[in-house]
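# Report on the structure
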Amino acid sequence: MSELALRAAKLDGQDDLAGVRERFVLDEVVYLDGNSLGALPAHVPGRVEDVVRRQWGELRIRSWDESGWWTAPERIGDRIAPLVGAAAGQIVVADSTSVNVFKALVGAVRLAGEGRDEILVDATTFPTDGYIAESAARLTGCALRPLAPGEVPAALGDRTAAVLLNHVDYRTGRLHDLPSLTAAVHAAGAVSVWDLCHSAGALPVGLDEHGVDLAVGCTYKYLNGGPGSPAYLYVRRELQDRFDSPLPGWNSHAEPFGMRSAYEPAAGAPRGRVGTPDILSMLALEAALEVWEGVPVAAVRAKSLALTDFFLECVEAYVPAGRVACVTPVAHEERGSQIALRCADAGDVMKRLIERGVVGDFRQPDVLRFGFTPLYVGFADVERAARVLGEVAGAAAGRS
Ligand SMILES: *Cc1c(COP(=O)(O)O)cnc(C)c1O
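Note that the structure is a prediction, hence the values are computed from the model and not measured.

## Structural notes on the site of the ligand
The full set of residues close to the ligand is Ser-96, Thr-97, Ser-98, Phe-126, Thr-128, Asp-129, Asn-166, Asp-195, Cys-197, His-198, Tyr-220 and Lys-221. Between a nitrogen atom of the ligand and a side-chain N or O atom of Asp-129, the distance comes to 2.9 Å. The side chain of Asp-195 places a nitrogen or oxygen atom 3.0 Å from a nitrogen atom of the ligand. In isolation the ligand offers 390 Å² of accessible surface; the protein chains occlude 86% of this area. The set of elements that each furnish at least two residues to the shell around the ligand consists of helix H5 (97–112) and helix H6 (127–140). Grouping the constituent residues of the shell around the ligand by class yields three nonpolar, six polar and three charged.

Put into structure tokens, the structure is as follows:
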């Protein structure tokens with residue numbers, strides 16, 4: 001065994017979260033794509049079968065009440081809340097992230113009030129956020145200014161209505177400074193909207209602690225909710241009464257079954273709802289969230305940093321010099337839970353890695369992306385992934 005393989009075995013032996021891995025369906029593959037689609041928690045298929053066969057098949061319409069379908073969006077929101085540092089009653093699970101970005105951003109501009117007609121958006125954002133921001137700006141009569149998150153403090157002013165930022169950059173894995181950026185947005189009197197897709201479930205977010213106004217995120221990445229599982233929307237408690245959703249569907253009405261022609265928004269988190277919830281996906285997510293039982297987010301963060309540090313060390317040892325360049329910041333306070341490596345033939349290299357049982361992903365034009373989900377990735381996985389990458393990248397270099 002190599003020195004690194006021995007170290008990996010030792011680190012796995014000392015890992016407090018090692019047992020959590022048993023809660024997932026895994027195989028021989030080293031799965032480093034949980035930042036795109038989390039692995040399947042082992043108990044979810046049985047629970048989904050019960051939802052379909054008994055709750056739907058037998059109870060039918062009664063399940064809206066008796067199986068808790070109607071209140072699932074808020075109930076599951078409260079289950080996500082501790083993972084992102086939020087007290088109960090502020091998160092609703094609904095729709096896709098894209099739709100929630102729309103609700104949050106238009107809602108933020110309406111909260112900001114008169115005289116503020118500019119939206120700042122992360123220029124490196126996941127594309128959907130940028131597209132939605134452009135449309136939200138047009139609808140609200142705002143100008144849209146795309147800029148790097150680091151440029152936000154200097155760009156803020158008394159015309160800034162809202163600022164939409166990604167907590168972790170999906171491509172580079174860079175973690176942005178949520179506490180200080182949120183404080184800067186507030187100092188300018190503007191409203192902050194954070195997209196937590198690549199941070200929730202991977203590191204502490206501290207929504208309440210840092211006074212974030214609105215936030216959105218998906219649940220199929222580090223939260224393992226399954227393909228297309230619904231996203232969530234956080235509206236800080238003090239803003240809930242003034243939150244004016246641009247999609248006021250009947251589910252967000254104060255009295256949805258009053259069937260009244262005049263709209264009157266519900267109080268609290270339900271105001272973020274729109275239409276009938278997608279119950280099958282939603283309840284699969286609810287079951288999936290049980291894997292977090294007894295798992296402190298701080299321990300997840302500590303292991304995530306140890307995994308990514310160890311991966312960088314193994315890449316350095318195994319991959320021929322100059323074949324890849326790390327684009328993820330080395331400083332812990334600027335690193336999410338993934339490592340992105342620039343590599344000229346990244347598409348080809350990732351294809352070969354997957355053939356060899358190491359699954360990451362490829363992002364155009366030249367990025368190899370490896371996500372480290374501390375709940376089920378171990379140090380031996382990390383060592384093997386880097387070793388296979390070294391072999392694949394070395395062989396490809398030899399051929400050319
Ligand atoms: C994954 C991701 C999304 C996905 O949006 P959907 O509407 O769920 O498809 C949005 N924003 C960011 C930053 C993401 O990483």
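## Structural notes on the sheet that holds strand E10 (residues 338–342)
Across a sheet, paired strands are connected by hydrogen bonds in the backbone, their directions being either parallel or antiparallel. If you walk across this open sheet you meet the four strands as E9-E10-E13-E12, and the pairing is antiparallel. Edge positions in the open sheet fall to strand E9 (325–326) and strand E12 (361–363), since each of these has one partner strand only. Inspection of the sheet shows E9 paired to E10 by two bridges, in the antiparallel sense. In the strand pairing of E10, Cys-326 is matched with Leu-341. Against the sheet, helix H10 (residues 297–318) contacts E9, E10 and strand E13 (367–371), and its axis sits at roughly 25 degrees relative to E10. Each of E12 and E13 is contacted by helix H11 (residues 346–355), which is oriented at about 40 degrees to E13, the strand it contacts most.

## Let's talk about the packing of helix H1 (residues 3–13) against H10
Direction vectors running N to C along H1 and H10 enclose 165 degrees, while the axes themselves pass 11 Å from each other. Relative to H10, H1 is oriented roughly antiparallel. Considering how the two elements wind past one another, H1 and H10 form a crossing that is left-handed. Mapping the contact onto sequence places Leu-4, Arg-7, Ala-8 and Leu-11 in H1 and Phe-310, Glu-313, Cys-314, Ala-317 and Tyr-318 in H10. When its residues are assigned to classes, the contact of H1 with H10 shows seven nonpolar, no polar and two charged.

## Looking at the nonpolar core
It is characteristic of soluble globular proteins that their nonpolar side chains tend to be buried jointly. Ranked by size, the top nonpolar core spans 81 residues in total, and within it Val-84, Phe-311, Leu-368 and Phe-370 carry the most contacts. One finds Val-101, Ala-104, Val-109 and Leu-214 within the second-largest nonpolar core, a separate group that totals 29 residues.

Calculation criteria
- Residues numbered from 1 in each chain as written.
- Predicted model: local features only at pLDDT ≥ 70, side-chain atom pairs only at ≥ 80, totals over all residues.
- Heavy atoms only, no water.
- Near = heavy atom within 4 Å.
- Polar contact = N/O pair within 3.5 Å; in protein donor to acceptor, adjacent residues only side chain to side chain.
- Areas by Shrake-Rupley, 256 points an atom, 1.4 Å probe, with all protein chains shown as cover.
- Helix = DSSP H or I, 4+ residues; strand = E, 2+ residues; numbered from the N terminus.
- Nonpolar A, V, L, I, M, F, W, Y, C, P; charged D, E, K, R; others polar.
- Pairing = 2+ DSSP bridges.
- Contact = heavy atoms within 4.5 Å.
- Axes fitted to C-alpha atoms, helices over the stretch in contact; angles between N-to-C directions.
- Parallel < 35°, antiparallel > 145°, perpendicular 65-115°, else oblique.
- Left-handed = near helix turned anticlockwise from the far one by under 90°.
- Core = buried A, V, L, I, M, F, W, Y, C linked by side-chain atoms within 4.5 Å.
- Buried < 20%, exposed > 50% of the residue type's maximum accessible area, 1.4 Å probe, protein only.

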